[in-house]
Amino acid sequence: MVLKSFENLEIGDFLLFLSTILAIYVAHFYYKYFTRVNPMPGPFPFPFVGNIPQFYLQYKGDTKLFYGDNYKKYGEIYEVQMGGREIVLSRSEYIDKLLTPSTKHLHIVRFPDNEGLEELGVQGKGILLNENFKSWKYNRQFFTQAILSPKFTNEAIDWTNRIFNELEGYWNKLFQENKNKLDFTAWFNQYTNDMIIKLLTGERSYSMAAYFDTLSDEKSGHPLAIVDDSVKLVQALRKHLIGFIMFVYVPPFLRHYIPFFKNKADDLLQNVRFINERLDEIIKRRRQAIENTSLDKPLTNDMLTSLITANTPRDVNYTKTVGGEALDRPMTDTEIRGIIFDGFLGGTDTTANTISFVIYYIAHNPDVKKKMIEEIDRIFQ
């Protein structure tokens with residue numbers, strides 16, 4: 001009977017019916033919005049999509065600009081509609097417990113379950129987006145063990161010096177070509193890319209060389225294929241860091257069926273598959289290198305090697321338990337990839353992110369401060 005009724009509708013009647021349904025939905029949406037519990041200031045939302053239009057059209061998908069501008073307009077606590085109502089806290093004391101997971105706290109979940117992040121393949125992996133407390137604790141144990149190793153400390157200081165010397169060499173060549181204007185932000189972004197990737201994987205990245213090649217008449221001298229290969233990885237990581245927010249805020253319906261959002265989502269999914277494939281290749285190469293190295297010979301002191309050898313005969317800090325839970329197994333490739341992925345994202349966005357990484361590192365290893373000061377004094381003597 002219902003279908004027969006629709007069959008008798010003309011196109012004008014059908015459009016009128018749809019318009020009525022749409023008007024009812026919009027009215028209901030704004031009724032719920034204006035009568036919400038504990039209303040807070042924030043940008044005015046649109047039906048279906050909330051504040052997504054402002055985020056992508058006005059702020060071009062720039063998360064920092066979007067939230068920074070809203071902070072200036074609405075203060076330390078405000079709300080946005082990004083796939084649902086979200087309360088934004090802008091002072092560290094408001095979120096201290098949220099950033100310190102513990103069984104003694106009520107706020108164990110650092111990041112809520114999210115269908116988009118599950119679709120992207122990063123939900124519950126690594127440290128940054130891992131809402132599984134047991135998995136988070138397991139990963140954090142070996143991340144901390146790797147980063148606080150004295151050998152890792154020496155490696156970090158050594159490569160800081162080497163890569164800075166390389167950076168200085170590029171600057172000297174540009175100065176000799178009378179190209180005296182330097183974009184320090186761009187240069188230090190490339191510097192931190194090369195630094196983080198080397199410390200995490202033990203393999204060289206050539207972001208500085210690639211950037212130098214775009215500025216100088218004289219090329220860096222590194223093989224073009226190797227430079228391009230490392231640049232592709234860094235660009236993919238930056239693209240992921242900027243774009244993954246779509247999978248947090250944009251509803252599944254828009255990502256799956258609406259052309260603009262679907263094209264962007266499909267591109268980001270392909271991008272993260274590329275990153276995973278590259279990381280799997282790096283992990284596989286390192287596992288083979290470790291297997292082909294006799295037990296009496298030393299290994300490299302990067303984080304990847306430390307994670308692969310964790311809880312194996314090569315591990316000098318064999319960890320059986322953490323908080324009373326058994327951890328007497330090596331890490332899987334997926335777990336290793338999640339931690340390395342997090343480390344990459346901390347060093348391929350901005351210099352500020354890498355500074356945060358370094359501050360955490362120094363704060364947990366007092367001996368580093370003295371060594372770094374000695375190296376800095378030696379460089380500028």
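First things first, this report covers the structure right here in the doc. Computed from a predicted structure; not experimentally measured.

Reading guide: rules and limits
- Residues numbered from 1 in each chain as written.
- Predicted model: local features only at pLDDT ≥ 70, side-chain atom pairs only at ≥ 80, totals over all residues.
- Heavy atoms only, no water.
- Axes fitted to C-alpha atoms, helices over the stretch in contact; angles between N-to-C directions.
- Helix = DSSP H or I, 4+ residues; strand = E, 2+ residues; numbered from the N terminus.
- Contact = heavy atoms within 4.5 Å.
- Nonpolar A, V, L, I, M, F, W, Y, C, P; charged D, E, K, R; others polar.
- Salt bridge = Lys/Arg side-chain N within 4 Å of Asp/Glu carboxyl O.
- Buried < 20%, exposed > 50% of the residue type's maximum accessible area, 1.4 Å probe, protein only.
- Core = buried A, V, L, I, M, F, W, Y, C linked by side-chain atoms within 4.5 Å.
- Domains from an automatic or database assignment.
- Pairing = 2+ DSSP bridges.

Structural notes on the packing of helix H8 (residues 184-201) against helix H9 (residues 207-215)
Link 1 in the chain: Where H8 meets H9, the closest approach of the two axes is 7 Å, and the angle between their N-to-C directions is 150 degrees. Each of Ala186, Trp187, Gln190, Tyr191, Asn193 and Asp194 in H8 lies in contact with H9, whose residues at this interface are Ser207, Met208, Tyr211, Phe212 and Leu215.
Link 2 in the chain: Residue composition of the contact of H8 with H9, grouped by class: seven nonpolar, three polar and one charged.

Observations regarding the pattern of salt bridges
When the charged atoms of two side chains with opposite charge come close together, those side chains can pair.
Link 1 in the chain: Following the criterion strictly, the structure yields 18 salt bridges and no others.
Link 2 in the chain: The closest approach of N and O atoms between lysine 73 and aspartate 69, which form a salt bridge, is 3.6 Å. Residue lysine 73 and its partner aspartate 69 are both found in helix H4 (residues 63-74); the two are separated by four residues, about one turn of the helix.
Link 3 in the chain: Here aspartate 217 makes a salt bridge to lysine 179, at a shortest N to O gap of 3.6 Å. Residue aspartate 217 is found in the loop between H9 and helix H10 (224-243), and its partner lysine 179 is found in the loop between helix H7 (150-176) and H8; the two are separated by 38 residues along the sequence.
Link 4 in the chain: Classification of aspartate 217 by relative accessible area gives exposed; the value is 66%.
Link 5 in the chain: The class for lysine 179 is partly exposed, based on a relative accessible area of 29%.

Thoughts on the nonpolar core
Link 1 in the chain: Judged by nonpolar contacts, the single largest core of 82 residues is most densely connected at Tyr56, Trp187, Met246, Met303, Leu307, Ile336 and Ile340.
Link 2 in the chain: Top element by residues in this core is helix H13 (residues 259-291). It accounts for 10 residues.
Link 3 in the chain: Looking at this core, you find at least three residues from each of domain 1 (35-100) and domain 2 (140-380).
Link 4 in the chain: In contact with leucine 307, not counting residues within four places along its chain, are Phe142, Phe143, Met331, Ile336, Ile339 and Ile340.

Side note on the pairing of strand S1 (residues 77-81)
Link 1 in the chain: Taken across its five residues, S1 has four buried, putting it largely inside the fold.
Link 2 in the chain: For S1 and strand S2 (residues 85-89), the ladder comprises five bridges, and the chain directions are antiparallel. Opposite tyrosine 78, over in S2, you have valine 88 as the bridge partner.
Link 3 in the chain: The turn joining S1 and S2, which pair antiparallel and follow one another in sequence, is formed by three residues; a positive phi near 75 degrees is taken by glycine 83.

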